[in-house]
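# A look at the structure
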Amino acid sequence: MDMQVPVSSLDEHFRHFSPFFIQFTDDRFCACGGIPIFVVQFFAMMQIRFRYFDKYFGTLRKNRLNFFILVLVIPWLVPVVGYLMWGNIYFSDPQVFLGGSLINLILCLIANHINQIIAILVAKVYPDTHQSVFRVLFWFVLYSIINVSILILVLLAYDQVHLFGFSLQRERAIWSVFLLLAASLIGAGLTELAYTFMQWKTNQDELQQMEQRQLLSELEVVKQQVNPHFLFNCLNSLSVLISESPATAEKFVDEMSKVYRYLLSVNGPDRETSMVTLDAELRYIRSYIYLLETRFENGISISIQAADLYLNGQMAPLTLQTLIDNAIRHNIVSADHPLRIDIRTTATGQLEVINNLQKRTVRTPFSNAGLATLISRYKMLFNQAGTIQIKEEGSEFTVLLPLIYT
C-alpha cells in the first residue's frame, strides 16, 4: 500500500523530480517503486529549489577549484561509493542506481562545500608559496576527517532504515573509507594546484600593475626635469636674488645646475643602473634643499643625520625629493608654522624621513606620482626587501625606507 503526503508541504519546484521518484495524482502524490517515504519527507522539509542549484552551479563556473573537483572527482566517486554500498544491485536496478546516486551526490556536494570552507581557512593560515607542504598536509587531514565522518554517519543511517535494502558490511565499509581517503588526497592535490595557479595569476597581475606604475613614475620623473612650476619658482627666486644679493644668486644658480645635472644623470639615456647610493642621493638632496630654503626661507627646515657606515646603501633615485615634495604638498609651509623634515639613518641601517603634521585644509593639485608610486617602485626593485613602512602618530608622519647593501 502506497503512503501519501500532501503536496502543500512541498515546494512547487519539487515537481521537477517527478520523472524519477514521484507519481502525481490530483493534489496528492505517492512514493513509487518502494522508495521510503522519509526520502520524500526529507526533500519536503528541506524545500529544495532549483534556483538554489542554479545559483550554486553559477558559482562553480567562477570557482575553478570547485569545478575541477566536481569534474575530476565526483563523477567517479559517486558510482564507486554506490557500488560499495549496494553491490551489483546498484547497477542492475535503475531505482537503486538513480535514487542512491542522487542522495549520494547531494551528500558529496555538502561535503565538498564544507571542504571548500576548510580550504579557505587553511590558505589564510599558510598563504605563502613555500608553505605548500603544510597546506596539502592540513587539507588532506581535514578533508579526510570531514569526509570519513560524513561517510560513517551516512552508513549508520542507511543501515538503520535499510535504504534500498542496504545492510552494513564491515569489508565494504572499510573499502569505502579507503576510497574517501584517496579522494581526499586527490582533492588536497587539486586544491593546491588551483591555489598555486591563483597565486601565480595574482602575482602576474601585480607585476603588470607595478610595471605600469614604474613606467608612469619614470614618465613623471622625466616631467620633473623640466617641471614648469619648479622652474618658474626657481627663476622667480633667482630674479629677486640678483637684485638683492648677487652672491647668493650665484650660489643659487650653482645649486640649481647640480639639481638638473643629477636629474639628467639618473634618468638620461646613459644611466648605468636603476639604483643610486645614499651618499649620491644626499649630495643631490642638499642642493635641492638649498633651493627650497631659499624659496620658503623660514617656512621650512630640513635636517640630515646620516651615519657614514650606511652611505653605500642602495636606494631608488629621487626618493628623498619625492618624500620632501609629498610633505610640502600635504602640509602648511609658512614662517608662522614652519615645516620641519628630518632625514636620518637608523641603527638597523634603514633610512627614516619624519615631518611634523600640519595638514592643509585644501591640498594643492598634484600628479599621481608620489608616495604610492614610490612604494610600487621599491617593491618592484627589491621585492620583499623593498617594503616601505609608513606611520602617522600624533603630530608626526614617518616613512621608513630600506637600504640595500651589496
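Further up the page is the structure itself.
This one's a predicted model, so the numbers in the text were calculated from it and none came from an experiment. (Residues numbered from 1 in each chain as written. Predicted model: local features only at pLDDT ≥ 70, side-chain atom pairs only at ≥ 80, totals over all residues. Heavy atoms only, no water.)

### Some thoughts on the packing of helix α10 (residues 246–267) against helix α11 (residues 278–296)
Packed helix pairs are specified by the crossing angle of their axes together with the interaxial distance, meaning the distance between the axes. Their axes nearest at 9 Å, the elements α10 and α11 cross at an angle of 135°. One element, α10, and the other, α11, form an angle in the oblique class. For the crossing formed where α10 meets α11, the hand is left-handed. Where α10 abuts α11, its residues T248, K251, F252, E255, M256, K258, V259, Y262 and L263 lie against A280, E281, Y284, S287, Y288, Y290, L291 and T294. A breakdown of the residues in the contact of α10 with α11 according to their chemical character gives 10 nonpolar, three polar and four charged. (Axes fitted to C-alpha atoms, helices over the stretch in contact; angles between N-to-C directions. Helix = DSSP H or I, 4+ residues; strand = E, 2+ residues; numbered from the N terminus. Parallel < 35°, antiparallel > 145°, perpendicular 65-115°, else oblique. Left-handed = near helix turned anticlockwise from the far one by under 90°. Contact = heavy atoms within 4.5 Å. Nonpolar A, V, L, I, M, F, W, Y, C, P; charged D, E, K, R; others polar.)

### Things to note about the packing of aromatic side chains
Throughout the structure, instances matching the rule amount to 16 aromatic pairs. Ring plane angle 35° and centroid distance 6.0 Å describe the contact between Y83 and F91, whose orientation is recorded as tilted. For Y83, a relative accessible area of 36% gives the class partly exposed. Taken together, a centroid distance of 6.2 Å and an interplanar angle of 70° make the contact between W139 and Y195 edge-to-face. Here the residue W139 occupies a position in helix α7 (residues 132–161), and Y195 occupies one in helix α8 (residues 170–225), the gap between them amounting to 56 residues. Three or more aromatic residues link up through ring pairs in this structure, and these residues are Y83, W86, Y90, F91, F97, Y158, F164 and F166. Above the ring of Y290, the side-chain terminus of K251 is found at 5.0 Å from the ring centroid. (Phe/Tyr/Trp six-rings, centres within 6.5 Å; stacked < 30°, edge-to-face > 60°. Buried < 20%, exposed > 50% of the residue type's maximum accessible area, 1.4 Å probe, protein only. Lys NZ or Arg CZ within 6 Å of the ring centre and 35° of its normal.)

### Some remarks on helix α6 (residues 94–125)
The first and last C-alpha atoms of α6 sit 46 Å apart over 32 residues, in line with the 46 Å expected at 1.5 Å per residue. With a side-chain oxygen lying 2.9 Å from the backbone nitrogen of Q95, the N-terminal cap of α6 falls on D93. (Expected span 1.5 Å × (residues − 1). Polar contact = N/O pair within 3.5 Å; in protein donor to acceptor, adjacent residues only side chain to side chain.)

### Some remarks on a nonpolar patch on the surface
Taken together, the side chains of V133, F134, L137, F138, V141 and I145 present a nonpolar region at the surface, about 550 Å² in accessible area. Mapping F134 onto the fold places it in helix α7. Residue class for F134 comes out partly exposed when judged on its relative accessible area of 44%. (Patch = residues over 30% accessible without salt bridge, like charges linked within 9 Å, V, L, I, M, F, W, Y side chains within 5 Å. Areas by Shrake-Rupley, 256 points an atom, 1.4 Å probe, with all protein chains shown as cover. Salt bridge = Lys/Arg side-chain N within 4 Å of Asp/Glu carboxyl O.)

### So, the pattern of salt bridges
Enumeration over the complete set of coordinates arrives at seven salt bridges. A salt bridge links K251 to E255; the shortest N-O distance between them is 3.1 Å. Of this pair, K251 and E255 both sit in helix α10, four residues apart, roughly one helical turn. For K251, a relative accessible area of 40% translates into the label partly exposed. Residue class for E255 comes out buried when judged on its relative accessible area of 8%. Salt-bridge contacts for E255 lead to K258; the nearest nitrogen and oxygen are separated by 3.8 Å. Linking E255 with K258, this pair stays in helix α10, spanning three residues, or about one helical turn. You can call K258 partly exposed: its relative accessible area is 35%.

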